[in-house]
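# Working through the structure, step by step
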Amino acid sequence: MMSQKPDILERLDISILWGHYEITVLRFHLTSFPPGKIIDFHNHAEFEFHFIPKGKGKVILGEQEYALAEGMLYLTGPGVMHYQEANCEEAMDEFCLHIDIKEKPRDGADPWEVAEAEECVGKLRHLPLFPILDRYHAMDCFLEAYEAYDGKLSGYYTSIKHQVISILLKAVRAYDLGGIVTEAPVRDMLNYRYHFAIQYMKANVSSGVTLDTVAEKLNISSRQLQRVFKKVNPEQTFSRILEDIRLQGVCHKLSESVLSIEHIAQSEGFANATYLHNVFRKRLGMTPAVYRRENSIK
């Protein structure tokens, strides 16, 4: 498919901010070497990713010669001398990605993204000089980027930038034998469950919110949810917090709308205006009607 427009992606000016780095795409294309074609020894000032989707040949990295075959990749970093040759009887295709990586510290960068970018770039600078199988299918990223641009799919520029980062990560993973070094951020499940419960209660206050329904949404038992509320906010029970949420909604509508008190009571989860009246007097020391009179927005 890419052979129809092998250099289409090079028409884009692609610059990517990733962590504390700026990655500039210099070349991003498919090339085909006829049988016996030789690319003599040379080096680049940038990183060059080589992927072999078809054919075979050989590469000399430094002073060592290696066979190349379909499904393989290798990386040449800045200043690495290399020589490439297609098999004398068979053409060889190659996906190429040339990138320049510069440090660009910036405020507000996601610390996890910063850590991952640092780890990936650090590994790129020290990858061993030998070809390896494209075990994580980085070559698919070339095709996805091509399809996005050729079809002018919605958000194609953003998609292509994501594919470039994926190529870097998948190339590193292909060589990586040590597993993950940095640790992903982990949620504080106690606070996460508490705040999720509060959000769910606020969003569904007009319906029959119960301890059981909220616990079900969190995929925990009602008893577990009670413990969550007790640990995070020991002064407030589930029922009291739910009542507070409902009263906040009532007060807002009393001051900003002309809806009837009966309608407001039911819309905020109270059975009727009479029940709301009793709760309101007990909690706020006045009736809903008095609150509306004193707080209505003119």
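Scroll up to find the structure.
Notes on the structure follow. If you're wondering where the values come from, they're calculated on a predicted model, not measured in any experiment.

## Overview of the packing of helix α1 (residues 111-124) against helix α3 (residues 156-175)
Packed helices, taken two at a time, are described by their axes: the angle between them and the distance between them. Two elements in contact, α1 and α3, have axes separated by 10 Å at closest approach and are oriented at 60°. With respect to their mutual orientation, α1 and α3 come out oblique. Where α1 crosses over α3, the two elements pack in a sense that is left-handed. Residues Cys120, Lys123 and Leu124 of α1 pack against Leu168, Leu169 and Val172 of α3.

## Thoughts on the pattern of salt bridges
Applying the stated criterion to the full structure yields 13 salt bridges. Of the charged contacts, one joins Lys102 and Asp100 as a salt bridge, the two residues approaching to 2.4 Å between their closest N and O atoms. With its nearest N and O atoms 2.6 Å apart, the salt bridge here joins Glu243 to Arg283. Of this pair, Glu243 sits in helix α7 (residues 238-256) while Arg283 sits in helix α9 (residues 273-284); the two residues are 40 residues apart in sequence, bridging distant segments of the chain. Where salt bridges share partners, they join Arg240, Glu243, Asp244 and Arg283 into one cluster.

## What about helix α10 (residues 288-295)?
Restricting attention to buried positions, one finds in α10 the residues Pro288, Tyr291 and Arg292. Projected down its long axis, α10 carries its buried residues within an arc of 100°, all on one side. Residues of α10 that are exposed and point over 90 degrees away from its buried face: Arg293 and Glu294. For α10, the elements touching its buried residues are α7, α8 (261-267) and α9.

Criteria and cut-off values
All residue numbers refer to positions counted from 1 along the written sequence of the respective chain. This being a predicted model, a pLDDT of at least 70 is required before a residue's local features are given, and a value of 80 or more before pairs of side-chain atoms are given or counted; all residues contribute to the totals for chains, interfaces and linings. Think of the side-chain values as coming from all heavy atoms in the structure, minus any hydrogens and water. Geometry is summarised by axes, namely lines fitted to C-alpha atoms with helices restricted to the contacting stretch, and by angles between N-to-C directions that run from 0 to 180 degrees. The helix count covers DSSP runs of H or I at least four residues long, the strand count covers runs of E at least two residues long, and both are numbered beginning at the N terminus. Here roughly perpendicular refers to angles of 65 to 115 degrees, roughly parallel to angles under 35, roughly antiparallel to angles over 145, and oblique to all remaining angles. For any pair of crossing helices, the crossing counts as left-handed if the nearer helix is rotated counterclockwise from the farther one by less than a right angle, and right-handed if it is rotated clockwise. It only takes one pair of heavy atoms within 4.5 Å for two residues to be counted as in contact. Salt bridges are identified by distance alone: a Lys or Arg side-chain nitrogen within 4 Å of an Asp or Glu carboxyl oxygen. Per-residue accessibility, obtained with a 1.4 Å probe over protein chains only, is compared with the maximum for each type, and a residue is labelled buried under 20%, exposed over 50%, and partly exposed between these values. Starting at the helix axis, one direction is taken to each C-beta atom, and the arc is that of these directions.

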